[in-house]
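Tertiary structure, described
Okay, here's what each chain looks like letter by letter:
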Amino acid sequence: MIRRIWVAYRLELSKALRMKLAYAGPILALLIVVSMTQVHPVFQDSRTGYSFIADATAVTLNLFGLLVVLMYSAMLLASEFNSGVIRTIAVRPILRREYVIAKMLHGMTYAVLLTAVVGGGSWGVALASGSLTGVTFGGELIYANSEMAYTYLLGAAMGLLPQFAAVAYAVMISTLSRSPGSAIGVTVALWFVVDLVKYPLRIAPFLFSTYIEYPWQPFLDRADGLEARWFPQGYYCIGTSVAAFILFTAVAVIVMNRRNLQR
């Protein structure tokens with residue numbers, strides 16, 4: 001099973017490398033990071049350098065990046081239903097659930113790529129300014145640059161969990177759709193509807209989307225010289241993201257197993 005998933009995943013990556021659309025997200029994300037210098041100038045002091053990294057990362061990943069991940073993942077299966085390519089899995093030595101998992105891994109890899117591009121771009125801009133010398137107040141070093149980098153990496157790792165859940169959600173919608181356009185439309189529209197009603201309905205604490213921004217807060221706190229607090233909010237971020245990922249993946253597998261691929 002693992003070997004078949006690995007082979008399918010490698011084929012997914014080879015297809016992605018030939019898609020021009022796959023490069024648009026990372027390129028635009030990098031441009032947004034660079035353009036953030038116009039609204040958040042970086043001077044030669046540590047405070048603005050780390051604050052820029054936190055703001056550029058949060059704005060790019062939580063807004064643009066999330067939308068791109070949702071749209072990209074929603075197309076993964078729907079585009080193959082639309083073109084008829086999905087029928088070829090009937091003659092491949094792979095089970096449908098393994099094919100869905102390979103698609104999930106494809107979307108998750110794209111989320112990791114966007115996170116890496118945004119992280120590299122934001123740190124690159126700040127490093128170029130020469131301001132990343134640690135967080136100091138009154139001439140006293142509070143957090144060294146290595147500590148800030150470690151905090152950022154922890155935030156990136158935790159931040160990937162809700163993104164992975166978003167990938168699973170989009171792939172689930174993709175298994176229910178027959179065209180990439182409808183898959184993208186339903187995925188994005190339903191996301192915004194739930195986001196609008198989750199607070200009035202008091203279900204926000206139980207949804208992973210509520211905690212998408214939280215992983216970057218400890219880094220921003222340290223940039224201001226404050227103590228980083230990961231928990232208890234971190235527990236909710238991890239728990240809701242893992243639960244949602246499992247649920248969406250299970251539904252996607254069930255739908256895929258029952259779907260008639262000949263239509």
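A few points on the structure. Note that this is a predicted model, so its numbers are computed, not measured.

Cut-offs applied
- Residues numbered from 1 in each chain as written.
- Predicted model: local features only at pLDDT ≥ 70, side-chain atom pairs only at ≥ 80, totals over all residues.
- Heavy atoms only, no water.
- Helix = DSSP H or I, 4+ residues; strand = E, 2+ residues; numbered from the N terminus.
- Expected span 1.5 Å × (residues − 1).
- Buried < 20%, exposed > 50% of the residue type's maximum accessible area, 1.4 Å probe, protein only.
- Patch = residues over 30% accessible without salt bridge, like charges linked within 9 Å, V, L, I, M, F, W, Y side chains within 5 Å.
- Areas by Shrake-Rupley, 256 points an atom, 1.4 Å probe, with all protein chains shown as cover.
- Salt bridge = Lys/Arg side-chain N within 4 Å of Asp/Glu carboxyl O.
- Core = buried A, V, L, I, M, F, W, Y, C linked by side-chain atoms within 4.5 Å.
- Contact = heavy atoms within 4.5 Å.
- Axes fitted to C-alpha atoms, helices over the stretch in contact; angles between N-to-C directions.
- Parallel < 35°, antiparallel > 145°, perpendicular 65-115°, else oblique.
- Left-handed = near helix turned anticlockwise from the far one by under 90°.
- Nonpolar A, V, L, I, M, F, W, Y, C, P; charged D, E, K, R; others polar.

**Some thoughts on helix 8 (residues 233-258)**
Look at helix 8: 38 Å from first C-alpha to last across 26 residues, which is about the 38 Å you get at 1.5 Å a residue. For helix 8, the full list of buried residues reads Gly234, Cys237, Thr240, Ser241, Ala244, Phe248, Thr249, Ala252, Val253, Val255 and Met256.

**Digging into a nonpolar patch on the surface**
Among the surface-exposed residues, Val186, Leu190, Val193, Leu196, Val197, Leu201, Ile203 and Phe206 lie close enough to one another that they form a single nonpolar patch of about 740 Å² accessible area. Assignment of secondary structure puts Val186 in helix 6 (residues 180-197).

**Here we look at the nonpolar core**
Ranked by size, the top nonpolar core spans 67 residues in total, and within it Tyr50, Ile53, Trp123, Met148, Trp191 and Phe219 carry the most contacts. Secondary-structure elements contributing two or more residues to this core are helix 1 (2-17), helix 2 (20-35), helix 3 (46-83), helix 4 (96-128), helix 5 (145-175), helix 6, helix 7 (217-223) and helix 8. Non-local contacts of Trp123, meaning those with residues more than four positions away in its chain, are made with Tyr50, Ile53, Leu132, Asn145, Met148, Ala149, Tyr152 and Phe219.

**Observations concerning the packing of helix 5 against helix 8**
Between two packed helices, the angle of one axis relative to the other and the distance separating the axes together describe the packing. Two elements in contact, helix 5 and helix 8, have axes whose closest approach is 8 Å; the angle formed by their N-to-C orientations is 20 degrees. One finds that helix 5 runs roughly parallel with respect to helix 8. For the pair helix 5 and helix 8, the sense of crossing is left-handed. Here helix 5 contributes Met158, Leu161, Pro162, Phe164, Ala165, Ala168, Tyr169, Met172 and Thr175 to the contact with helix 8, which in turn contributes Gly234, Cys237, Ile238, Ser241, Ala244, Phe245, Phe248, Thr249, Val251, Ala252 and Val255. Looking at the contact of helix 5 with helix 8 residue by residue, the classes come out as 16 nonpolar, four polar and no charged.

**Some thoughts on unusual backbone geometry**
The omega torsion of the bond from Phe231 to Pro232 falls at 20 degrees, within 30 degrees of zero and hence cis. By the secondary structure assignment, Pro232 is in the loop between helix 7 and helix 8. In the Ramachandran plot, Arg202 falls in the positive-phi region, its phi being about 60 degrees despite a non-glycine side chain. Its location among the elements puts Arg202 in the loop between helix 6 and helix 7. Residue Arg202 is classed as exposed on the basis of its relative accessible area, which comes to 70%.

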